[in-house]
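Overview (structure and organization)
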Amino acid sequence: MFSLERLLIAFSAFLGDSISKTPKVHVLVCLCAFGLLAVGIVLVEIEHDVFKLWVDDSTDIHDQMDYFEDAYGFARVQSLILTAKEGKTLASKEAFAEMERLEKWFVSVEYDHDGVKYSGKVKYENLCYKVVDTADETPCFHLTPLDCFKQGMQSVPGVENNTKFLPSYSARPDFSDQTQFDFGTDFTKAFIDDACKEWYNLQTPLKMIFGGTTHEGEGESALVTGIGGMRNVFATRSAKNLAEKGVLTTEWLDSGSVETDILGCTLDVTANDCSCVDSFAITSVTSYGCIPSGSNQPASCCDGFMKPFSTHPCAKYLFQINPSAASIGSLVLESCQLPAIDMGTSSCNLQPDGTTKYLQPYTGYATPTATECQVIMEDAELTAACNDFDNSYESATKCCAMVYDASKQMCHCRYLDAPVQAYFTTFGEDFETYAGKCLKDNESYEACPNVSPPPSPPPPGVGYTCSANMEPFLNALALAQADVTNVENAIAMCGLAQGYYGNYCMDDPTVIATVATNPALYGAATSSAINAGVSANCATGGIAVRAHTPDQKTQHETCASNYDDYQGKCYVVIGKMGANINPTAAEVFACCTAANVMALNACPCVNVEDGYGVDRSIASTTDIRLDFILNTPVSGCVAALGAAFTANTYTCNSPSSPPPSPPPGDPKYTLPSSTRHAVDESEAESILEGWEKTWLDGIEDATKDFEHIEVSWYASRSLEDVISDASKSAYGFVAIGYALVVVFCFFFFIRGLSAQSGKPPGPVPAILATIVCILSTAASLGFAAFYVEAGLKFNAITLQVVPFLALGLGMNDYFVFAKYVGICHGESPKGSSARYIIRKAYRKAGASITASSVTNFAAFCLGAITPIPAVRAFSIQVAMTVVCNYIAAVVIFPCLLLFDLERHVNANPDAVGQRARLTAKSEESSGKDGFSCIRCMGALASIVFRMTCVLLSAGFFAFCASGIDKVNLGLDLEDVVPSSSYIYDYALNTRNYFATYQVSLVSSGIDFATTTENQALLEHDFVTAPNVNADYGSVNYLRYLADETTGRVNAGEVCSENTVWLYDYINLSDESLERCASINADAILSDSDKKKKCIRTCMNAEPQMAYAPTTHNPTVTSASQTYRCSYNATNNHCVCPWRQVYNPTLYNTNLQTFLDGGERGQISQSLMITNSTPTSVGHTTISDVRALFYVEDVFSLEDKLNHMRKARKIAENSKLATEDGATVFPFDYALYALNEQYLNIERNTLRGLGISVAIAFVVMYPFVTSLWLDVILTFVIAVIQIELYGLIHWIDLKLNAVTMVNLIMTVGISIEFVIHEARAFAEAKGTRPERAAQALSEMGPAIFASAFTTFLAVLPLVGADYEYFQKYFFSMYAMILFVGLFNALVTLPAILSFIGPPELTEDAVRDSEGVLDKEMV
């Protein structure tokens, strides 16, 4: 131990001896080195990004943040929060009017950019981010309370000019018109939930835009009576995204007066040219009141839009090109109880187990006789179920399923068997009854003509005579017309009508001649009106009767003769392509040749019921029109066969069965002419920042006249601007702090100003030492700048705190050295030279300064273990200043003191040794140590005084420690921005009113095509996390893909065997999806009728698997009883919880089509990352997806941390992660990234303090000469840490990364307070109280002066604009200095006076001084 002490003393002696020989050279060399290092400051990069500074990078959160930014960093956020002025309310027409003015101003702000690649004016619409980016004129992203109203149109580019997307808002109420909306009665929770949606009809959770709401009443009808704050969120593209997309400018052109229909097509549009719907915006249906996500549609939707749409010639084309339109439209059509769009004859055949299979008609049903059917129809199970139909949904389901099975076996068609009347009278009426209860409107059971008898009508001219069949048909027609309730007559008439009209008897010369003889009697035989009516009526019974006109006869006969050849050959090709099998060249050629024959005869122009080459001719999951087969790119005949093949063309003069003209739309619309101006990422950043600065500079003036609302605001650049301003303001405070230190040093050392009468050192070396500290700080920061590339970034803490702290630490070393120089000057032998005195002081001060510097360096380096980048950089930078300060302390400071000593010694050599002579005289006169510190600090000799000090220390410790369990965690935004900045009000309003966060649940590393079930289950699991809005669920691509799949299954384009069933956990509680909502709302229906109608609706709702009973059904599976809609008899509700999504094969085949197909595909693209160039697998694949959830009401940090812990646990334990191997994590910048540090901060702080105190114990041991003294010092340091931890609460601070690292680094500062005094105590002679008094007398002034110097250095922070520095640096460092001084000047001397170690038997310092004295002699 003593060898280490001697080594330290020897090192100090060596330095003193060496440096004192050539002081000027050493000073010059050090100053030059400092100057060179200071040059590195020019390399300084100030980091302003809050997330890069304050996000914990020791966990996955940092990687997640980088990954999320790279994958989904599409946008920059601009946010406004509106609060009510005193005496006003936000729930008023006046407040919303001012909000409208504000939004109009915001979107009109122009920034004049003069750049390299683009120059011109820039507005929000030129830069805005679009979730749906299908067209240049799609609206910008914008969350606003105005979305509840017509005035929400501000985000629509071109506003009134944009007639394509403006209808999204036109149906919403006008808040300024009290006849449309009254805030006093209409502003309810239900209104906000139903009406406040973004333009693409995506629901916005109430708490995202309304904060601090109060209500009057309960439930959905509760009236909003008060609003604390309203939030408007705008989003521009990020610099990277803007560089990819370009700056968009649009000129709006007048298209002239063109009368259009509901789809934007001219009124004479035909199915042959539907290009007019390519630009149709499906969101425009909201102008008719349609609710895409709900099942209860208003009449304005069903009658005003969906009914004419269902017969529109281009409805099918729209569904084919826009999967979003198909999925939404199918659901709305169903809710309006309108027939689905006829997508053509489906090749999906229903199986007994409820599935549908491609080109596999089920042939297992037998066709029993009437006797056998009677057995089926009289089955006890069927009878029991059907008799209980009106009482039980389960019975009704079983009844209808069993009757349906009987119909598949044609038991309702036994009217031609004998005995006819008996069977039909009994069971035919049953079938009609059950059909009325079980089937959807306009549907019937299997058409009887498909069963023989009766036989199918023969082809024209083969065994059929029109004249012979005319009168039988007319007679049957008369009977059917006489009694429309007589089903038997109707069926018989329809059977005859099939043959009569199928053979074009209306055009038969004999028939025409007969009609001419008696038009009154026979006129119906050639009546086109009768033909159309019979065709329509028979169709309701499932019997197809052609409604041809005479001039189609020849064309029909030709196409009929060629159709089977065309269908058969092309079925082969399409079937193989659907199964991903390449057809042979011969098969392709055969199909194309047959198709060309059909085109030559214009067969698609024949009546659609014949299906010759129109969509219904061949079922496919793609497009099967004749024109498609011939001409489609890549796979069509022209493309496949090349120049050797020429496709025949045809033109249909008019549609075969023209639908009624839909109502005309707005006859006036405008056309956008858009240009995208390419810019690079650097210029994009410049444009965005310039535009943001423009609106930030103007918003205060724009809102100054508002009488009802106060506006606070925030831009993406705001925090960076505030931090940058704070950094710039630091320089003045640094200068003030240094000036205060200079003034203090001057007065503290003023007694040495005069060399003749004063005592060294004087004020000049102290002032020069301050300047040296400035240079050493610059050198240390310049040196740190060389490590910027290694991640050692500078920030506001660096510029506002490090200079002050470095000055305090540096001057502390100076005061210690100066104190020992003064002591050695007074104790050295008379005649001693200045060099001798400084060498002697080196032996005393060098060891202490080295000890404190080493321990400080270790403590500050320990601070670098923090996972917060800003704090880590700060710790390393301070550690570097400790190194530079140490060099200054052991090289430059002694030289400055030497120069001043020479001045004093030369001017007054008699003053040297004066203290020793005075002490000797005093001892001789008093007989004891009269000049000892016992006289100076006589109180320490008193046991009462020392016990008082101990009790005072204990009381102070108890007070401080009592605050430990009260320390709060966190650091709010308003804590870190100046109260004078505009962000401060925004931060307060955010904290008070908006604690809702949009959290992304990211999944990656799996095959998404094969894991759809676990993806859906993950959504279900995650909504169980604390504070997640379970009613809202999530926005995710799988929901939209399931909607598309379900729509295509319902349309017969996709067979259910190619889908996977998913349980919709989320929407089960969504009342808007309740299938019987409109039925229950019908005031005319009785309760019993509502129940019957709801049961029928629920049994036939889509999607669900057909129910398979256990009797008379060849195949029964559990699935057919599982994937069903659920009926609740208590409230007469029906919910269909099962959804369908493509199986892996179709998933991969259809994914890109889905993503390219309309608004929902665009939304899905923003929720995933796909491979841009599918090569190895031949199709688009997904690398990762995110689902958006809303976490609400997490106002306290405890709530946030509780959510984070449990949400992450759910993600880690999800089947998607544990079974499929996915990487799943929730993420949000504000909720997750910034709060990561608090998850384990208490544990990390205690661990850091424990480690730092342990390191202090180890590091101090060689420097304090005694293990017991080391234990005492470690104890005092631990006491200081505990007191500081508790005082965090008492001075109203919180535990966060800054306070944590300050606590840990305080170990080093505490060592400064105690180690010099401890060494002085160890070297002193006498009793413990005497030695404690001597140590305090020698080091007390230096300790106080150094602490006061540090206090003066940080004092200017009181005036900093950045209150964060006032609170977390000035207040905390003042607390640290006070606690350190208290324990150094009160606690430590009292402890040493009682239990300090004994005197040293060996004194390395005295031995070294003895060597020096011999050398001098």
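A short tour of the structure in this document, coming up. Owing to the predicted nature of the structure, the values given are computational and were not obtained by experimental measurement.

Observations regarding the pattern of salt bridges
Here the structure, examined in full by the defined rule, presents 27 salt bridges. For Asp133, the salt bridge identified is with Arg237, shortest N-O distance 3.1 Å. Here Arg237 lies in strand β8 (residues 229-237) and Asp133 lies in the loop between α6 (124-127) and β4 (142-143), a separation of 104 residues in the sequence. You can call Asp133 buried: its relative accessible area is 17%. The residue Asp133 makes a salt bridge to Lys245 at a minimum N-O spacing of 3.9 Å. Within this pair, whereas Asp133 is found in the loop between α6 and β4, its partner Lys245 is found in helix α10 (residues 239-245), the two being separated by 112 residues in sequence. Residue classification places Lys245 among the partly exposed residues on the basis of a relative accessible area of 35%. Where salt bridges share partners, they join Glu1019, Arg1039, Asp1043, Asp1064, Arg1139 and Arg1160 into one cluster.

Things to note about the sheet that holds strand β19 (residues 1168-1170)
Taken in spatial order, the four strands of this open sheet run β19-β20-β14-β21, and their pairing is antiparallel. Of all strands in the sheet, those with a lone pairing partner are β19 and β21 (1223-1227), marking the two edges. Neighbour to neighbour, the strand axes of the sheet diverge by 15° on average, direction disregarded. Sheet topology places strand β14 (residues 997-1004) next to strand β20 (residues 1182-1191); eight bridges connect them, and they run antiparallel. What sits directly across from Val1002, in β20, is Arg1186. Across the sheet, helix α45 (residues 1197-1213) lies against β14, β20 and β21, angled at about 165° from β21, the strand it touches most.

Description of the state of the cysteines
For the coordinates displayed, the defined rule picks out 14 disulfides. Between Cys274 and Cys314 runs a disulfide, and the two sulfur atoms are separated by 2.0 Å. On the sign convention where negative is left-handed, the bridge of Cys274 and Cys314, at about -85° about the S-S bond, is left-handed. Of this pair, Cys274 sits in the loop between β9 (247-257) and α11 (299-310) while Cys314 is found in the loop between α11 and α12 (315-321), placing the two residues 40 residues apart along the sequence.

Overview of the nonpolar core
One finds Phe96, Phe187, Phe210, Trp695 and Phe1369 to be the most contacted residues of the largest nonpolar core, which totals 292 residues. The next biggest cluster of nonpolar side chains, apart from the first, holds 29 residues, and it includes Cys290, Phe309, Leu318 and Met343.

Here's the deal with unusual backbone geometry
Note the cis peptide between Pro760 and Pro761, where omega equals -5°. Mapped onto the fold, Pro761 is located in the loop between α28 (718-748) and α29 (763-785).

Focus on a nonpolar patch on the surface
Taken together, the side chains of Val39, Val42, Leu43, Phe783, Phe786 and Tyr787 make up a nonpolar region of the molecular surface, amounting to roughly 580 Å² of accessible area. Owing to a relative accessible area of 42%, Leu43 belongs among the partly exposed residues under this scheme.

Here we look at helix α15 (residues 380-387)
Along α15, the positions that sit buried rather than exposed are Leu382, Ala385 and Cys386. Buried residues of α15, seen end-on, are gathered within an arc of 95° and therefore sit on one face of the element. Among the exposed residues of α15, those pointing more than 90 degrees away from its buried face are Ala380 and Asn387.

Focus on the packing of aromatic side chains
Scanning the entire structure with this criterion turns up 62 aromatic pairs. Where Phe74 meets Tyr129, the ring centres are 6.0 Å apart and the plane angle is 10°; that geometry is what we call stacked. Of this pair, Phe74 sits in the loop between α4 (60-72) and β1 (75-84) while Tyr129 sits in the loop between α6 and β4, and the two are 55 residues apart along the sequence. No difference in accessibility class separates Phe74 from Tyr129, as the two residues are buried. Both rings, one in Phe749 and one in Phe815, keep their centres 5.5 Å apart while their planes meet at 15°; by these two values the pair is stacked. With Phe749 in the loop between α28 and α29 and Phe815 in helix α31 (residues 802-827), this residue pair connects regions lying 66 residues apart in the sequence. One aromatic cluster in this structure is built from Phe744, Phe748, Phe749, Tyr814, Phe815, Phe893, Phe1344, Phe1348, Phe1351 and Phe1370. For Arg946, the ring lying beneath its charged end belongs to Phe1394, and the centroid distance is 4.7 Å.

Focus: the packing of helix α33 (residues 869-907) against helix α50 (residues 1297-1323)
It is at 9 Å that the axes of α33 and α50 come closest, and there the two elements cross at 25°. By the angle class used here, α33 and α50 are roughly parallel. Considering how the two elements wind past one another, α33 and α50 form a crossing that is right-handed. On the side of α33, the interface is formed by Val871, Phe874 and Ser875, while α50 contributes Ala1297, Val1298, Val1301, Asn1302 and Met1305. Across the contact of α33 with α50, the residue classes tally to six nonpolar, two polar and no charged.

Points about empty space enclosed by the protein
For the structure on display, the rule yields ten cavities of 30 Å³ or more. Each pocket or cavity is described by its volume, and for the largest cavity that value is around 270 Å³. Along its surface, the largest cavity is lined by 21 residues, and Gln1015, Ala1016, Glu1019, Asn1036 and Leu1038 are the ones closest to its centre. Among the secondary structure elements, those contributing two or more residues to the lining of the largest cavity are β14, α38 (1012-1022), α39 (1037-1050), β15 (1059-1063) and β20. The wall of the second largest cavity is formed by 13 residues, among which Leu809, Ile1309, Phe1313, Thr1350 and Leu1377 lie closest to the centre. Looking at the lining of the second largest cavity, its residues break down into eight nonpolar, four polar and one charged.

So, the pairing of β15
Counting buried positions along β15 gives four out of five residues, so the element sits mostly inside the fold. As paired strands, β15 and strand β18 (residues 1138-1142) are joined by five bridges and run antiparallel to one another. In the strand pairing of β18, Trp1061 is matched with Gln1140.

Some thoughts on a negative patch on the surface
On the surface, Asp60, Asp63, Asp66 and Glu69 cluster together into a patch of negative charge. Along the polypeptide, Asp63 turns up in helix α4.

Quick word on the side chain of Glu683
On the secondary structure map, Glu683 appears in helix α27 (residues 681-702). The side chain of Glu683 sits in the buried core without any salt bridge; Lys117 is the nearest counter-charge, 6.5 Å away. Residues contacting Glu683, with those up to four places away along its chain left out, are His113, Gly115, Val116, Lys117 and Tyr118.

Calculation rules
Residues numbered from 1 in each chain as written. Predicted model: local features only at pLDDT ≥ 70, side-chain atom pairs only at ≥ 80, totals over all residues. Heavy atoms only, no water. Salt bridge = Lys/Arg side-chain N within 4 Å of Asp/Glu carboxyl O. Helix = DSSP H or I, 4+ residues; strand = E, 2+ residues; numbered from the N terminus. Buried < 20%, exposed > 50% of the residue type's maximum accessible area, 1.4 Å probe, protein only. Pairing = 2+ DSSP bridges. Axes fitted to C-alpha atoms, helices over the stretch in contact; angles between N-to-C directions. Contact = heavy atoms within 4.5 Å. Disulfide = S-S within 2.5 Å. Core = buried A, V, L, I, M, F, W, Y, C linked by side-chain atoms within 4.5 Å. Patch = residues over 30% accessible without salt bridge, like charges linked within 9 Å, V, L, I, M, F, W, Y side chains within 5 Å. Areas by Shrake-Rupley, 256 points an atom, 1.4 Å probe, with all protein chains shown as cover. Arc of directions from axis to C-beta. Phe/Tyr/Trp six-rings, centres within 6.5 Å; stacked < 30°, edge-to-face > 60°. Lys NZ or Arg CZ within 6 Å of the ring centre and 35° of its normal. Parallel < 35°, antiparallel > 145°, perpendicular 65-115°, else oblique. Left-handed = near helix turned anticlockwise from the far one by under 90°. Nonpolar A, V, L, I, M, F, W, Y, C, P; charged D, E, K, R; others polar. 1 Å grid on protein atoms, 1.4 Å probe; cavity = no way out; pocket = protein on both sides within 12 Å on 5 of 7 lines; lining within 4 Å. Points joined across faces, edges and corners; volume = space filled by probe spheres on them. Lys, Arg positive; Asp, Glu negative; His and termini not counted. Charge placed at Lys NZ, Arg CZ, Asp CG, Glu CD.

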